Amino acid sequence: LIAHARMTPSWPHIEDLHGRSSLTDDECKRLRVLLEDCGAKRFTESLIGDQLRAFNELLVEHNLLIPEPLSIIISRLSSELEGRLV
């Protein structure tokens, strides 16, 4: 989130709030809106989606090399991660 946000025009506003030891509820909401509006949330979710797809492709590709019980656990974890909010 922050790496992407640093590259946007919104960074000075985000930087002012980011890293503070305490934020009010309104400041937290403002920070969340800034991160969403600058595209950082969408960018991060896209990266996560790309990584999950690549992971699932590898899992299918190497299915015969991974013991079935482990494959089931890994597949469940991957499914739980998909769709989670950043």
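Refer to the structure presented above.
Bear in mind that the values here come from a model prediction, so they are computed numbers and not experimental data.

1. Observations concerning the nonpolar core
Right, so step 1: Counting 10 residues, the largest nonpolar core consists of I2, A5, W11, I14, L17, L31, L34, L35, C38 and A40.
Right, so step 2: Of all the elements in the fold, those that place two or more residues in this core are α1 (2-5), α2 (11-17) and α3 (25-37).
Right, so step 3: Apart from the residues lying within four places of it in its own chain, the contact partners of I14 are A5, L31, L34, L35 and C38.

2. Some details on α3
Right, so step 1: Compared with an ideal rise of 1.5 Å per residue, which puts 13 residues at 18 Å, α3 spans 18 Å between its outermost C-alpha atoms and is within 8% of the ideal.
Right, so step 2: Buried within α3 we find L31, L34 and L35. Projected onto a plane normal to the axis of α3, the buried residues spread over an arc of 95° and lie on a single side. Away from the buried face of α3 by more than 90 degrees, exposed residues D25, D26 and D37 are located.
Right, so step 3: At its buried positions, α3 is contacted by α1, α2 and α4 (40-61).
Right, so step 4: With its phi angle positive at about 90°, G39 sits one or two positions after the end of α3.

The rules behind the values
- Residues numbered from 1 in each chain as written.
- Predicted model: local features only at pLDDT ≥ 70, side-chain atom pairs only at ≥ 80, totals over all residues.
- Heavy atoms only, no water.
- Core = buried A, V, L, I, M, F, W, Y, C linked by side-chain atoms within 4.5 Å.
- Buried < 20%, exposed > 50% of the residue type's maximum accessible area, 1.4 Å probe, protein only.
- Helix = DSSP H or I, 4+ residues; strand = E, 2+ residues; numbered from the N terminus.
- Contact = heavy atoms within 4.5 Å.
- Expected span 1.5 Å × (residues − 1).
- Arc of directions from axis to C-beta.

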